[in-house]
Amino acid sequence: MHVTAIIAAAGAGRRLAADVPKQMLEVGGQTILQRSVAAFTAHPRVTDVIVVLPNEVAADPPAWLNDVRVVTGGTRRQDSVAAGVDALRADAEIVLIHDAARPFVSAALISRAIDAAATHGAAIAAVPVTDTVKRVQGSEEMPAVAETLARDTIYLAQTPQAFTSRVIREAVALGRSGVDATDESALAERAGHSVRIVPGEPGNVKITTAADLDAARRSLTAMPRVGTGYDLHRLVDARPLVLGGVTVPSERGALGHSDADVICHAVTDAVLGAAGAGDIGRHYPDTDGRWKDAFSLDLLRDAVQHIRRLGFAIENVDVTVLLERPRISAHVAQIAASLASALGVEPERVSVKGKTNEGMDAIGRGEAIAAHAVALLRRA
Ligand code: MG
């Protein structure tokens, strides 16, 4: 099935910023438009994407629009969508229309709209209202309630709106004949088509006001953050083998500054890395006497306090230890519990796994021990 997405991004929308159209404002390091376009270019069922832009942007589109077709929009939204429909390929079967100002549309919602349009000819994403709805009359300043509407018959329209190419061409033709509409569904309805509702999403917000923009930016900084850590130490005779603060019975132990605890070092780096807060070498340099012979679990505890002060909490930590011998499977539960206590989280948020290196390289020959760690943080 040939599915074309038309992204309506021609609005000047300068309410939010004086110098750029609102779709060119950044949310979490990408412009609103870039996010909206990516939702469709990345969707496996979308064949091609047409982006309708204001003249000034269409004349010199940014590089991230290289893979899509760009057309110049019109004064009204419906003129812009009409320009997109004019650019459809002859073999387009389903046409999705999407507001550039809705950057958080999900792949599942796009699929629902495609399926419903393929079956019924026309479908829009919409959400039921939760507030009681009043129709009013009188002055704009303080109108009076004329009627309370039956809430269960009211839906708020979102995009994408999806149509077969025949239906959208008819809708656009009707619009060109002088009918005004704020969305394509209204034109399809006027053209006599039944437009079905597919469940929209509360997260599929339209960024219109400064408050919307703030909320969108906040929701993205609420995204979890991941960090990785790695450490390796030489194994030598007559040293204890300390792993996650637990001394594991072993003929050989790790050589290094402090207790040379590879697990604590890798986890400390993962936790600091996820917070964007540097690394173990910066916080606990071995040139600093304070940390000489420090118990590494205490360094980890200190690093956790540090990321807490930055506003993060630990979601989970996963560790893989690379060690030829001894086998640590009998100790992993105790190591995980020790780590969990230092991290200040429940034991089920910490996982520790042991692996050998099949006799290969320095680890395989028993000359070294290494650990990899991943930490996921969320905003506390
Ligand atoms: Mg180390």
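Not measured: the values here are computed from a predicted model. Throughout, a residue's number is its position along its own chain's written sequence, starting from 1. Reporting of local features is limited, given that this is a predicted model, to residues whose pLDDT is at least 70; pairs of side-chain atoms are given and counted only at 80 or more, and all residues count toward the totals for whole chains, interfaces and linings. Values shown for side chains rest on all heavy atoms present in the structure; no hydrogens or waters enter the calculation.

Colleague: What should I look at first to understand the coordination of the magnesium ion in this one?
Modeller: Geometry reference: four tetrahedral donors at a metal, ideal angle 109.5 degrees. Six octahedral donors, ideal angles 90 or 180 degrees. Protein coordination of the magnesium ion is provided by D231 (OD), D231 (OD), H233 (NE2) and H265 (ND1), with donor distances spanning 2.1 to 2.8 Å. Buried, partly exposed and exposed residues are distinguished by accessible area as a fraction of the type maximum, computed with a 1.4 Å probe on protein chains only: under 20%, between the cut-offs, and over 50%, respectively. Classification of H233 as buried rests on a relative accessible area of 12%. On the basis of relative accessibility, which here comes to 10%, the residue H265 falls in the buried class. Any nitrogen, oxygen or sulfur atom within 2.8 Å of a metal ion counts as a donor, with the limit raised to 3.2 Å for Na, K and Ca, and since water is left out, coordination shells can look unfinished.

Colleague: Any chance you could explain the sheet that holds strand 7 (residues 122-128) here in plain terms?
Modeller: Pairing between sheet strands relies on hydrogen bonds along the backbone, with the strands arranged either parallel or antiparallel. A sheet is described by the order of its strands in space; here seven strands give the open sequence 5-4-1-6-10-7-11, paired in mixed fashion. Of all strands in the sheet, those with a lone pairing partner are strand 5 (69-72) and strand 11 (196-199), marking the two edges. Going from strand to strand, the sheet's axes swing by 30° on average, the running direction of each strand aside. In this description, contact between two residues means that some pair of their heavy atoms is separated by no more than 4.5 Å. Whenever a helix is involved, its axis is fitted only over the stretch in contact; in every case the axis is a line through C-alpha atoms, and angles between N-to-C directions fall within 0 to 180 degrees. Counting from the N terminus, the helices are the DSSP runs of H or I reaching at least four residues and the strands are the DSSP runs of E reaching at least two. Along the sheet, helix 3 (residues 77-86) makes contact with strand 1 (3-8), strand 4 (48-53), strand 5, strand 6 (94-99) and strand 10 (155-164), crossing strand 1 at roughly 150°. Helix-sheet contacts for helix 5 (residues 165-176) involve strand 6, strand 7 and strand 10, and the interaxial angle to strand 10 is about 115°. The rule for pairing is simple: two strands pair if DSSP sees at least two bridges between them.

Colleague: Help me out: how do you make sense of the packing of helix 8 (residues 262-274) against helix 11 (residues 332-343) in this one?
Modeller: Two numbers describe a pair of packed helices, the interaxial angle and the distance between the axes. Between helix 8 and helix 11, the shortest axis-to-axis distance is 12 Å and the interhelical angle comes to 40°. On the basis of their axis angle, the class for helix 8 and helix 11 is oblique. Once helix 8 is placed against helix 11, the crossing between them reads as right-handed. Facing I263, C264, V267 and V271 of helix 8, the residues of helix 11 in contact are I335, L339 and L343. Classification convention: Asp, Glu, Lys, Arg as charged; Ala, Val, Leu, Ile, Met, Phe, Trp, Tyr, Cys, Pro as nonpolar; all other residues, Gly among them, as polar. Residues belonging to the contact of helix 8 with helix 11 are distributed by class as follows: seven nonpolar, no polar and no charged. What sets the label is the angle itself: under 35 degrees gives roughly parallel, over 145 gives roughly antiparallel, 65 to 115 gives roughly perpendicular, and the rest give oblique. Crossings are assigned a handedness: left-handed for a near helix turned anticlockwise from the far helix by less than a right angle, right-handed for a clockwise turn.

Colleague: What am I meant to see in unusual backbone geometry here?
Modeller: For residues besides glycine, phi is generally negative; the peptide bonds are generally trans as well. Here T159 and P160 are connected by a cis peptide whose omega angle stands at 10°. Relative to the assigned elements, P160 resides in strand 10. Between R325 and the following residue, P326, the backbone shows a cis peptide bond with an omega angle of 0°. Along the polypeptide, P326 turns up in the loop between strand 16 (312-322) and helix 11. The phi dihedral of A238 falls on the positive side, at around 60°, and the residue is not glycine. By the element assignment, A238 lies in the loop between strand 12 (225-237) and strand 13 (241-243). Accessibility expressed as a relative area gives 76% for A238, which makes it exposed. In this structure, A260 takes a positive phi of about 55° despite not being glycine.

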